[in-house]
Amino acid sequence: GSLPLSVRISSEIYRGLVLVIFVFQMSLCDFVPYIGQPIKLLHTSLVYSLYCFEYQWALKKWTILDIISHLEEQWIFYFGFGLPFSLCTFFWPNFMFNGGFLLLFPVFLLTSIPAASRTFECDTISLPLPLFYLSRKAILRVEAWLQSYLS
């Protein structure tokens, strides 16, 4: 069955909050000398992967917290998946970036469909990468505030 409208709206608000905070965090990388751009490329790759895979995750009815936990646990795969897309747009000026993104997104979206149906296991132990820490904390604070406000 379909989710109630209030649940869908709150889910979209949470999703928007996560992406706004993550993009803000990504923009802060511009001010970090030497390692800022590689960290920003990592962020960009993960956010592009999120865009490409979120359709499958929505069909599975994953919450935004499920999605960011999964991205943090499997960050190596999603970094690798999003890296070619990121490299194609990362060094372009804004106008070219927008056009490149619009041209490449459908290709990577279609590529994500067969990739999402496979299970991935790493031969090496991979530690979760808590890049969504600030987003997760913000969601939990908003949720706590709403519960206290509505109680």
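Residues numbered from 1 in each chain as written. Predicted model: local features only at pLDDT ≥ 70, side-chain atom pairs only at ≥ 80, totals over all residues. Heavy atoms only, no water.

## Details of the packing of aromatic side chains
Evaluation of the coordinates by the stated rule reveals ten aromatic pairs. Aromatic rings pair up to connect Phe53, Trp57, Trp62, Phe77, Tyr78 and Phe81 into one cluster. (Phe/Tyr/Trp six-rings, centres within 6.5 Å; stacked < 30°, edge-to-face > 60°.)

## Thoughts on helix α1 (residues 5-28)
Taking 1.5 Å of rise per residue, 24 residues should cover 34 Å, and α1 covers 35 Å from first to last C-alpha, within 8% of that figure. Within α1, burial applies to Tyr14, Val18, Leu19, Ile21, Phe22, Gln25 and Met26. Residues of α1 that are buried in the fold lie against α2 (36-59), α3 (64-73) and α6 (133-150). (Helix = DSSP H or I, 4+ residues; strand = E, 2+ residues; numbered from the N terminus. Expected span 1.5 Å × (residues − 1). Buried < 20%, exposed > 50% of the residue type's maximum accessible area, 1.4 Å probe, protein only. Contact = heavy atoms within 4.5 Å.)

## Some words on the pattern of salt bridges
Overall, the coordinates contain four salt bridges when judged by the stated rule. The closest approach of N and O atoms between Arg136 and Glu72, which form a salt bridge, is 2.8 Å. Note that Arg136 is positioned in helix α6 and Glu72 in helix α3, a separation of 64 residues in sequence. Linked through salt bridges whose partners overlap, the residues forming this network are Glu12, Arg15 and Glu54. (Salt bridge = Lys/Arg side-chain N within 4 Å of Asp/Glu carboxyl O.)

## Considering the side chain of Ser49
As for its placement among the helices and strands, Ser49 is situated in helix α2. Look at Ser49 and you get buried, because its relative accessible area is 0%. Non-local contacts of Ser49, meaning those with residues more than four positions away in its chain, are made with Tyr78, Phe81 and Gly82.

## Some details on the packing of α3 against α6
Close contact between α3 and α6 brings their axes to 11 Å; oriented N to C, the two are set at 160°. The angle between α3 and α6 falls in the class roughly antiparallel. Once α3 is placed against α6, the crossing between them reads as left-handed. For the pair α3 and α6, contact is made by Ile64, Leu65, Ile68, Ser69 and Glu72 and by Tyr133, Arg136 and Ile139, respectively. Along the lines of polarity and charge, the residues of the contact of α3 with α6 split into five nonpolar, one polar and two charged. (Axes fitted to C-alpha atoms, helices over the stretch in contact; angles between N-to-C directions. Parallel < 35°, antiparallel > 145°, perpendicular 65-115°, else oblique. Left-handed = near helix turned anticlockwise from the far one by under 90°. Nonpolar A, V, L, I, M, F, W, Y, C, P; charged D, E, K, R; others polar.)

## Comments concerning the confidence of the model for the chain
Note: predicted coordinates in regions of low pLDDT should not be interpreted at a detailed level. Looking at the chain, pLDDT values average 82 and 87% of them are 70 or higher. Mean pLDDT values for the elements of the chain range from 73 in helix α5 (residues 94-116) up to 90 in α2. (pLDDT = per-residue confidence, 0-100.)

## Digging into unusual backbone geometry
One non-glycine residue, Tyr34, lies in the positive phi region at around 70°. Examined against the element boundaries, Tyr34 turns out to sit in the loop between α1 and α2. Residues other than glycine seldom take positive phi values, yet Lys61 does so here, at roughly 65°. Considering the arrangement of structural elements, one finds Lys61 in the loop between α2 and α3.

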